[in-house]
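# Summary of the model geometry
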Amino acid sequence: MREKDTAMAASQKLSHLLQLADQGPALRAALAEEVADLLTSWPSDYPQSMRGVCEALLAKAARDVDAATRARLRVQLYSDPGLAQRVLPRESVVQIPLSRTLVGTARDGGDLAAVLAENLGLDLKMAHQILDDETGAALAVACKGAALDRAAFSALALLTQPGRDRAHAFAMLDSYDTVPMSEATRLLRGWRGEQATSEHVAA
C-alpha cells in the first residue's frame, strides 16, 4: 500500500510540474526553482526514472528564464555541480568564480552591491542591507549560502569594513564558521522570497 501511495505522490508531483511547464514563460521561473528544489532533495522513494524527466524540464526552463533567476538556480544547485552542468546553460556554469568577482570588485572600489545582487539573485536594496550590517553576520550568511569559502568571506569582510579592529574581524569570521551551510542556504533563499513577496504586493 505504501509503495502505491508513493507512486501516486510522485505521479501527482510530476503532473503538477508538467502543468506548470504548459503555462508558458510567465511561470518559467517558478517551475525552474521548484524542480531545482526537488532534484536537490530528491525523495528516496521517488522513482529514479522520474529524475530524467525533471532534469529535462529544468534544462528547458533554465534556458528561458532571466539572469537573476539563473543566479538563484546556481545557488540552489551549488551542492551538485554535475547536475548544474547538465541543466544550466553553459554560460551560466562556465564563468569567473563568484568569489574572485566579488573580491575583485570590492578591492577595485566597484559597485559591490550590484555584483552581489546580480550573482545571488537579490535586489539592490537587500544587497545593500547585507553589506551595511556592521556585525558582518548577514554577509557571512550570504557568502556561506552561496558556497563561498572562508578565505573569500574573510577578504570581503576586511575590504568592506576596513576600519574595524582585529577583535571585530575575528568575530566576523566566527559568524561564518558557526552558521551551518544548510541554515545559511535557507536564510539566503528566505531573503529572496521576502523580496519576491514585496514585489508582488507592490505590483
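Computed from a prediction, not measured in an experiment: that's the story for all the values here. (Residues numbered from 1 in each chain as written. Predicted model: local features only at pLDDT ≥ 70, side-chain atom pairs only at ≥ 80, totals over all residues. Heavy atoms only, no water.)

A tally of helices and strands in the chain yields 13 helices and zero strands. Long-range pairs, those at least 24 residues apart, make up 61% of the contacts in the chain between residues at least 6 apart in sequence. Per element, the accessible surface of the chain, about 11,000 Å² overall, is 54% carbon and sulfur. (Helix = DSSP H or I, 4+ residues; strand = E, 2+ residues; numbered from the N terminus. Contact = heavy atoms within 4.5 Å. Areas by Shrake-Rupley, 256 points an atom, 1.4 Å probe, with all protein chains shown as cover.)

We now examine the packing of helix 8 (residues 112-120) against helix 9 (residues 124-132). Their axes nearest at 8 Å, the elements helix 8 and helix 9 cross at an angle of 115°. Crossing geometry of helix 8 relative to helix 9 is assigned as right-handed. Counting all contacts with helix 8, which are made through Leu-112, Ala-113, Ala-114, Leu-116 and Ala-117, the residues of helix 9 involved are Leu-124, Ala-127, His-128, Ile-130 and Leu-131. Taken together, the residues that form the contact of helix 8 with helix 9 break down as nine nonpolar, one polar and no charged. (Axes fitted to C-alpha atoms, helices over the stretch in contact; angles between N-to-C directions. Left-handed = near helix turned anticlockwise from the far one by under 90°. Nonpolar A, V, L, I, M, F, W, Y, C, P; charged D, E, K, R; others polar.)

The next point concerns the confidence of the model for the chain. Of all residues in the chain, 88% have pLDDT values of 70 or greater, and the mean over the chain is 82. Here helix 6 (residues 90-93) stands out as the least confident element of the chain, with mean pLDDT 54; helix 9 is the most confident, with 93. (pLDDT = per-residue confidence, 0-100.)

For the rest of this paragraph, the subject is the side chain of Lys-144. Looking at the element boundaries, Lys-144 is found in helix 10 (residues 137-145). Notably, Lys-144 is buried but unbridged: the nearest opposite-charge side chain belongs to Asp-177, and the N-O separation is 5.6 Å. Of the polar contacts made by the side chain of Lys-144, one reaches the backbone oxygen of Tyr-176; its length is 2.9 Å. Dropping the residues within four chain positions of it, Lys-144 is found in contact with Tyr-176, Asp-177, Val-179, Met-181 and Ala-184. (Buried < 20%, exposed > 50% of the residue type's maximum accessible area, 1.4 Å probe, protein only. Lys, Arg positive; Asp, Glu negative; His and termini not counted. Salt bridge = Lys/Arg side-chain N within 4 Å of Asp/Glu carboxyl O. Polar contact = N/O pair within 3.5 Å; in protein donor to acceptor, adjacent residues only side chain to side chain.)

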